[in-house]
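The lines below spell out each chain.
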Amino acid sequence: MSPRRSVCWFVLGQLLCSCALALQGGMLFPKETPSRELKVLDGLWSFRADYSNNRLQGFEKQWYRQPLRESGPTLDMPVPSSFNDITQEAELRNFIGWVWYEREAVLPQRWTQDTDRRVVLRINSAHYYAVVVSWVNGIHVVEHEGGHLPFEADITKLVQSGPLTTFRVTIAINNTLTPYTLPPGTIVYKTDPSMYPKGYFVQDISFDFFNYAGLHRSVVLYTTPTTYIDDITVTTDVDRDVGLVNYWISVQGSDHFQLEVRLLDEDGKIVARGTGNEGQLKVPRAHLWWPYLMHEHPAYLYSLEVTMTTPESVSDFYTLPVGIRTVAVTKSKFLINGKPFYFQGVNKHEDSDIRGRGFDWPLLIKDFNLLRWLGANSFRTSHYPYSEEVLQLCDRYGIVVIDECPGVGIVLPQSFGNVSLRHHLEVMDELVRRDKNHPAVVMWSVANEPVSSLKPAGYYFKTLIAHTKALDPTRPVTFVSNTRYDADLGAPYVDVICVNSYLSWYHDYGHLEVIQLQLTSQFENWYKMYQKPIIQSEYGADAVSGLHEDPPRMFSEEYQTALLENYHLILDEKRKEYVIGELIWNFADFMTNQSPLRVTGNKKGIFTRQRNPKMAAFILRERYWRIANETRGYGSVPRTQCMGSRPFTF
């Protein structure tokens, strides 16, 4: 049993074989190609929560040995979605422990009979700890710790071991958070018999968003040849007007193969060729990948086509979008393609009504339309990795991403120990492995608001940041701090200082007049001490949509806009020096745990949870377009207040 499993409050004992969490192989996004097929298992799954006292009845009675309905009542549960808000049961909404998903699928006959074909089961996100049991006899397949990142298993031997073509997959998911998970949490038992029933416990967390759980993204089956392209790594550079595309390709299944690499422009014209596992493609007069509003033609993407063949006539084919761009950090600037870039953007959540954190295409496209309407050129994946489809759209639209792991709520001393650090390093392995080829990703963030003044934090972040840089030397690394500048033990190791502050909100309540002085002091203290560029990575105020007060009072739309405008006065001064960005908290209202501080969630969004604009959205839109026009001169700010307006077509 792995160390992480032993510290959890649940114990599987001898019910399951040991978990193999070591990283093996690549994590190319599953897609259909001439050599690969894809079957998406989205839709209704059978679902059951384990309400037993120890939450282990499903394992003790081996629910996975037969159809789930035979073990007791089940619900229809849509995938992808969080399970919490789907029913009318408060007990399920706040459930902590194991839940069970089951789905049957019919496999094409060629998948089960073609011995030259691999079949892979991939779960794109299961929060938090997942055990996958498959096939009609309940064979254990794979386990994974951590939400938000994909994991998969080769199930070829299972599906090709007999005449059956019906495949049943059972996935057990536990959303319990401990001091050693990422994010951390604690289980608190309430033992006063005059106040709580026997065995009563709650999940305690130190982050301000709801701990949604379930199968948040698609579960898919896909095939490859038995000898196949396992991984592709691409880095880019520019030498005058020549684009340089460096590639490394891993092949599994055989040592005898040939690789052909072609780079195509957006018109399908071949602009460079290569052969072998690694090489460099040179692209004369290259079209660079530029962020939105930084160039007349942003987000230019080439296509890297990789073809593998073997002497036995086995072939595999994979296409990877490639954006040619460079990233660099100076003492006071963030450079993309050698030119200063200013992060004028937002923080977001994967959060919406009913579906919780479940992936939803219409919502995603709506959000990107709002980002472009706003004039935002960037966002941070606060506070966990977003779906791969989000990053693909960022590549296509030129929206720059600070890619953050789930390192939020790290406040307990034990969460800085070796057990936590080991898991944190593995999560960064998984994150970099998944997202390394996205041109939109320009920086890694290893944590949000840790208590980085604690003594172990220095070694913890020194190790974590060095590890991330070793995984990817091409991108800067940061974490987001709300610790005092002179007490932060992790700040010496970051490339960019990211600071969260909520002036006149979490202190000096209602006193807008102190913002400018306090913000000026904040920036000057951080820069004087570290001599690194600074991003105001969070700032904002709650506003209840439709609540108006004059003079402005807290929670009114007027107070939210007045607070932003006071921040903007100082940001306009300091962005001429060393401040390289501002990310509003938050893009949209989102759900949190219930508390007296939250009225059905966090209301700091400039849009409501339903994506309707508050006054602050128009203030921010006017600002972002003004900054873009000042720096690049692409015409005037669009005056219409229609949500779909933008100055040019993409």
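Just so it is clear, the model here is predicted, and its values are computed rather than measured.

If you tally the helices and strands in the protein, you get 12 helices and 32 strands. A compact globule built from 650 residues would reach a C-alpha radius of gyration of about 26 Å, and the protein, at 25 Å, matches this within 12%. Taken along the three principal axes of its C-alpha coordinates, the protein extends 75 × 75 × 50 Å. Residue burial in the protein is summarised as follows: out of 650 residues, 60% are buried. Taking as baseline every contact in the protein between residues at least 6 positions apart, the subset at least 24 positions apart corresponds to 73%. Carbon and sulfur atoms make up 51% of the accessible area of the protein, which totals about 25600 Å². In the protein, 65 positive and 72 negative side-chain charges are present, and the distance between their average locations comes to 1 Å.

This brings us to the pattern of salt bridges. Counted by the stated rule, this structure contains 37 salt bridges. Residue Arg-611 is joined to Asp-367 by a salt bridge in which the shortest nitrogen-to-oxygen separation is 2.8 Å. Separated by 244 residues along the polypeptide, Arg-611 in the loop between strand S32 (579-584) and helix H12 (615-632) and Asp-367 in helix H6 (residues 361-374) bring together distant segments of the chain. Exposure remark for Asp-367: the relative accessible area of 3% places this residue in the buried category.

Attention now moves to the packing of H6 against helix H7 (residues 388-397). Relative orientation of the contacting elements H6 and H7 amounts to 35°, with a least axis distance of 11 Å. Here the hand of the crossing between H6 and H7 comes out right-handed. Contact residues: Trp-361, Leu-364, Ile-365, Phe-368 and Arg-372 in H6; Glu-389, Val-390, Leu-393, Cys-394 and Tyr-397 in H7. In the contact of H6 with H7, the residues fall into eight nonpolar, no polar and two charged.

To continue, consider H7. Among the 10 residues in H7, eight count as buried, and that is most of the element. Every buried residue of H7 is accounted for by Glu-388, Glu-389, Val-390, Leu-391, Leu-393, Cys-394, Asp-395 and Tyr-397. Tucked into the core, H7 has its buried residues touching strand S5 (117-123), H6, strand S26 (378-380), strand S27 (400-404), helix H8 (418-435) and strand S28 (441-448). Immediately downstream of H7, the backbone of Gly-398 shows phi near 80°, a positive value.

Another aspect to go through is the sheet that holds strand S17 (residues 258-264). With respect to topology, four strands assemble into an open sheet ordered S18-S17-S20-S21, the strand pairing being antiparallel. At either end of the open sheet lies a strand with only one pairing partner, and these are strand S18 (270-275) and strand S21 (315-322). On average, adjacent strands in this sheet sit at an angle of 15° to one another, irrespective of strand direction. As defined by bridge partners, S17 adjoins strand S20 (residues 302-309) across seven bridges and the pair is classed as antiparallel. Paired with Glu-260 across the strands is Thr-307, a residue of S20.

This next bit is on the environment of Thr-468. The topology assignment puts Thr-468 in helix H9 (residues 457-471). The sequence separation of Thr-468 and Val-446 amounts to 22 residues, and the corresponding C-alpha distance is 8.4 Å.

What follows is about the pairing of strand S16 (residues 242-252). Bridging between strand S15 (residues 228-239) and S16 involves 11 bridges; their strand directions are antiparallel. Within S16, the position partnered with Asp-239 by the bridge is Val-242. Between S15 and S16, which pair antiparallel in sequence order, lie two residues; one of them, Arg-240, sits at a positive phi of approximately 60°. The pairing of S16 with strand S19 (residues 278-283) spans six bridges and is classified as antiparallel. Across the sheet, residue Val-245 finds its bridge partner in S19, namely Leu-281.

All right, on to the packing of helix H10 (residues 515-530) against helix H11 (residues 557-574) then. Orientation of H10 relative to H11, taken along the N-to-C sense of each, is 40°, at an axis distance of 9 Å. The angle between H10 and H11 places the two elements in the oblique class. You can see that H10 and H11 cross each other, and the crossing is right-handed. Note on element contacts: H11 touches H10 through Leu-563, Asn-566, Tyr-567, Leu-569, Ile-570, Leu-571 and Lys-574, opposite Ile-515, Gln-516, Leu-519, Thr-520, Phe-523 and Glu-524.

Calculation criteria
- Residues numbered from 1 in each chain as written.
- Predicted model: local features only at pLDDT ≥ 70, side-chain atom pairs only at ≥ 80, totals over all residues.
- Heavy atoms only, no water.
- Helix = DSSP H or I, 4+ residues; strand = E, 2+ residues; numbered from the N terminus.
- Rg over C-alpha atoms; globule rule 2.2 N^0.38 Å.
- Buried < 20%, exposed > 50% of the residue type's maximum accessible area, 1.4 Å probe, protein only.
- Contact = heavy atoms within 4.5 Å.
- Areas by Shrake-Rupley, 256 points an atom, 1.4 Å probe, with all protein chains shown as cover.
- Lys, Arg positive; Asp, Glu negative; His and termini not counted.
- Charge placed at Lys NZ, Arg CZ, Asp CG, Glu CD.
- Salt bridge = Lys/Arg side-chain N within 4 Å of Asp/Glu carboxyl O.
- Axes fitted to C-alpha atoms, helices over the stretch in contact; angles between N-to-C directions.
- Left-handed = near helix turned anticlockwise from the far one by under 90°.
- Nonpolar A, V, L, I, M, F, W, Y, C, P; charged D, E, K, R; others polar.
- Pairing = 2+ DSSP bridges.
- Parallel < 35°, antiparallel > 145°, perpendicular 65-115°, else oblique.

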